[in-house]
Amino acid sequence: MKVVITGADGFVGRALLHRLVNGSAFGGMSAALLPTEAIEPIAVVRSLAAAEALRTAFPTLHIVVSGMKDVVLADHLAGAHAVVHLAWSTVPVVADADPGGDLEANLTHGLQFLESCGRARIGC
């Protein structure tokens, strides 16, 4: 099962990766809800520095350096069973200082990313 995780280098993304890589992501769920195939996470990060940090923590992880609008990311969405979208471009203090920029960076690009997921028929 191919799972694309955007914002994989953030706090929640790293915690999820740790559980996926160590096989404990679904602890406590009903056996009927568990996937029957191995989970293959694909971590999406925005910078080479973030990729290098993740590579240190997860040496065998498939890591993609890409922004939400990159054509490169669309290639990795093909065949994915699920997407966990955790990426966010700003922090609250920046968003408060520039609400319009926050909307453009996160909402507009986030909607475009969701449209890309729809075109890639995620989970179909």
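Our subject is the structure listed above.
Below, the structure is looked at part by part. No experiment lies behind these values; they were computed from the predicted model shown. (Residues numbered from 1 in each chain as written. Predicted model: local features only at pLDDT ≥ 70, side-chain atom pairs only at ≥ 80, totals over all residues. Heavy atoms only, no water.)

### Here we look at the pairing of strand S3 (residues 62–65)
Cut-off, in case you're wondering: Strands pair, by our definition, only if DSSP identifies at least two bridges between them. Secondary structure elements follow DSSP: runs of H or I of four or more residues count as helices, runs of E of two or more count as strands, with numbering from the N terminus. Handedness is read with the strands pointing away from the viewer; a crossover is right-handed when the path from the first strand over the helix to the second is clockwise.
Pairing geometry for strand S2 (residues 40–45) and S3, over four bridges, is parallel. Along S3, the bridge assignment pairs Ile 42 with His 62. In this fold, the crossover linking S2 to S3 by way of helix H2 (residues 48–57) has right-handed handedness.

### Here we look at the pairing of S2
Counted only if it meets this: Throughout this description, buried means an accessible area under 20% of the type-specific maximum (1.4 Å probe, protein chains only), exposed means over 50%, and partly exposed covers the range between.
Among the six residues of S2, five are classified as buried, and the element is accordingly described as predominantly covered. Sheet analysis places strand S1 (residues 2–6) next to S2, joined by five bridges and oriented parallel. When the bridges of S2 are listed, Thr 6 appears paired with Val 44.

### Considering the sheet that holds strand S4 (residues 82–85)
Inclusion rule: Lines are fitted to the C-alpha atoms to define the axes, a helix being fitted only along its stretch in contact, and any angle between axes, read from their N-to-C directions, falls within 0 to 180 degrees. By definition, residues are in contact when any of their heavy atoms lie within 4.5 Å.
In spatial order, the strands read S3-S2-S1-S4; together these four strands make up an open sheet with parallel pairing. The open sheet has two edge strands with one neighbour each: S3 and S4. In this sheet, neighbouring strand axes are inclined to one another by 20° on average, regardless of whether the strands run parallel or antiparallel. Against the sheet, H2 engages S2 and S3, with an angle of about 170° to S3.

### Here's the deal with the side chain of Asp 102
To keep things clear, this is the line we draw: Neither His nor the chain ends contribute to the count of charged residues, in which Lys and Arg are positive and Asp and Glu negative. Definition used for salt bridges: Asp or Glu carboxyl oxygen within 4 Å of a side-chain nitrogen of Lys or Arg.
Mapped onto the secondary structure, Asp 102 falls in helix H5 (residues 99–119). Put simply, Asp 102 is tucked away with no salt bridge, and the nearest opposite charge, on Arg 46, sits 9.9 Å away. Setting aside its immediate chain neighbours within four residues, Asp 102 contacts Trp 88, Thr 90, Ala 95 and Leu 107.

### Examining the environment of Ala 78
Along the chain, Ala 78 turns up in the loop between helix H3 (71–77) and S4. A residue is classified by how much of its surface remains accessible, and Ala 78, at 43% relative accessible area, is partly exposed. Sequence separation of Ala 78 and Arg 119 is 41 residues, and the distance between their C-alpha atoms is 9.0 Å. Those residues in contact with Ala 78 that sit more than four places away from it in its chain are Lys 2 and Ala 120.

### Remarks on a nonpolar patch on the surface
Selection rule: Patch definition: residues with relative accessible area over 30% and no salt bridge; like charges joined within 9 Å; nonpolar side chains (Val, Leu, Ile, Met, Phe, Trp, Tyr) joined within 5 Å. Only the protein chains shown count as cover for residues, with accessible areas throughout obtained via the Shrake-Rupley method and a probe of 1.4 Å.
Among the surface-exposed residues, Leu 103, Leu 107, Leu 111 and Leu 114 lie close enough to one another that they form a single nonpolar patch of about 380 Å² accessible area. On the secondary structure map, Leu 111 appears in helix H5. Of the residues examined, Leu 111 reaches a relative accessible area of 46% and is grouped as partly exposed.

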